[in-house]
Amino acid sequence: MQGSTIDSPESVLDSSVAPVAAASAIEHHEEHEDLRLFGLVTFLISESLMFGGLFAAYLLLRGGAEAWPPEGTEVELLLPTINTIILVSSSFVIHFGDSAVKKNDIKGMRLWYAITAVMGIVFLGGQVYEYMTLGYGLTENVFANCFYVMTGFHGLHVFIGVSMILGVLWRSRREGHYSSVKHTGIEMAEIYWHFVDIIWIVLFLLIYVLTLF
C-alpha cells in the first residue's frame, strides 16, 4: 500500500548495533577511570625517582663534608616538628573523607577534605615562616642549597596537593558528581596526598633529625 514503509536491512542492523555500541562506550568509560589511577601511580613513581636522586645527592655531599651543616647554618627543629605532625595527621583526615564518600556521605567527605586543605595551607605557611627566619639564603653554602631545593620542591608538591583537594571540593558541588560508586577523583587526591606525606617524612629525617648526629 502507498505510504507504508519497509525497514531496510541497513536500518535494522543499525538499530540492533546501537545498544551494543552504547554498552561498549560505558564499558570503555569505566576502563578509562582505572587507567587514570594507573597514570597517577606511574607519575608518582617518576616523582619518587626525582626525590630519590635529591636524597642520594644530599647523602653524598653530607658524607664528603667535614662539618654538616656548615657553621652558621643551624637547623631549627621545633617548627618543622610541628609541621610534620600537622602533615602526617592530615593523611588520616583525608582518609576519613575517602571513607565517607564510599558510604555516600558527600557532606562528610567535604568536611574532611576541607580540613585537610586547611592543614596543608598551614603547613605551607609554617614553611614560609621558617624560610623567613632561618637567617641564611639559598646561596649560603652547599647545605643551604640542598635544604632550599629539597624542601622547596616538596612544598611545590604540597601546593599541588592542596589544589587537587580544592578541585575535588569544587566538583562536589554538582549533584551526583561523586558517589559510593563514582569517586575516582577523590581517590586520586588521597593517593597523591599520602605520597606527599611519605616524602616529607623522609625529608624530615634526612635534613632535620640526622643533622643532630
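Residues numbered from 1 in each chain as written. Predicted model: local features only at pLDDT ≥ 70, side-chain atom pairs only at ≥ 80, totals over all residues. Heavy atoms only, no water.

With an unreviewed UniProt entry as reference, the chain is termed Oxidase aa(3) subunit 3, source organism Tychonema bourrellyi FEM_GT703. Under the UniProt heading Subcellular location (unreviewed entry), the entry covering the chain gives this text: "Cell membrane". One UniProt comment on the chain, placed under Sequence similarities (unreviewed entry), says "Belongs to the cytochrome c oxidase subunit 3 family." (UniProt positions renumbered as here; feature names shortened; annotations may be inferred.)

I keep staring at the overall build of the chain and nothing clicks. Help me out?
What the chain contains, in helices and strands, is five helices and zero strands. Listed N to C, the secondary structure of the chain is α-α-α-α-α in terms of helices and strands. Buried positions account for 38% of the 213 residues belonging to the chain. Accessible area for the chain stands at about 12,500 Å²; split by element, carbon and sulfur atoms hold 69% of it. (Helix = DSSP H or I, 4+ residues; strand = E, 2+ residues; numbered from the N terminus. Buried < 20%, exposed > 50% of the residue type's maximum accessible area, 1.4 Å probe, protein only. Areas by Shrake-Rupley, 256 points an atom, 1.4 Å probe, with all protein chains shown as cover.)

I keep staring at the packing of aromatic side chains and nothing clicks. Help me out?
Aromatic rings considered in pairs are described by the distance between their centres and by the relative angle of their planes. Taken as a whole, this structure holds 17 aromatic pairs when the rule is applied. Ring geometry for F147 against Y148: centres 5.4 Å apart, planes inclined by 90 degrees, an arrangement best described as edge-to-face. Given the relative accessible area of 15%, Y148 is considered buried. Of the aromatic side chains, those joined through ring pairs into one cluster are Y58, W68, F123, Y131, Y136, F143, F147, Y148, W200, F204 and Y208. (Phe/Tyr/Trp six-rings, centres within 6.5 Å; stacked < 30°, edge-to-face > 60°.)

It is not clear to me how the pattern of salt bridges should be interpreted in this structure. Could you clarify?
Pairing is possible between side chains of opposite charge, provided their charged atoms come close. All chains considered together, the criterion is met by two salt bridges. Two residues, D98 and K102, come together in a salt bridge whose shortest N-O distance is 3.1 Å. With relative accessibility at 3%, the residue D98 sits in the buried group. Taking relative accessible area as the criterion, K102 reaches 42% and is therefore assigned partly exposed. The salt bridge involving K102 is made with E187; its shortest N-O contact spans 3.8 Å. (Salt bridge = Lys/Arg side-chain N within 4 Å of Asp/Glu carboxyl O.)

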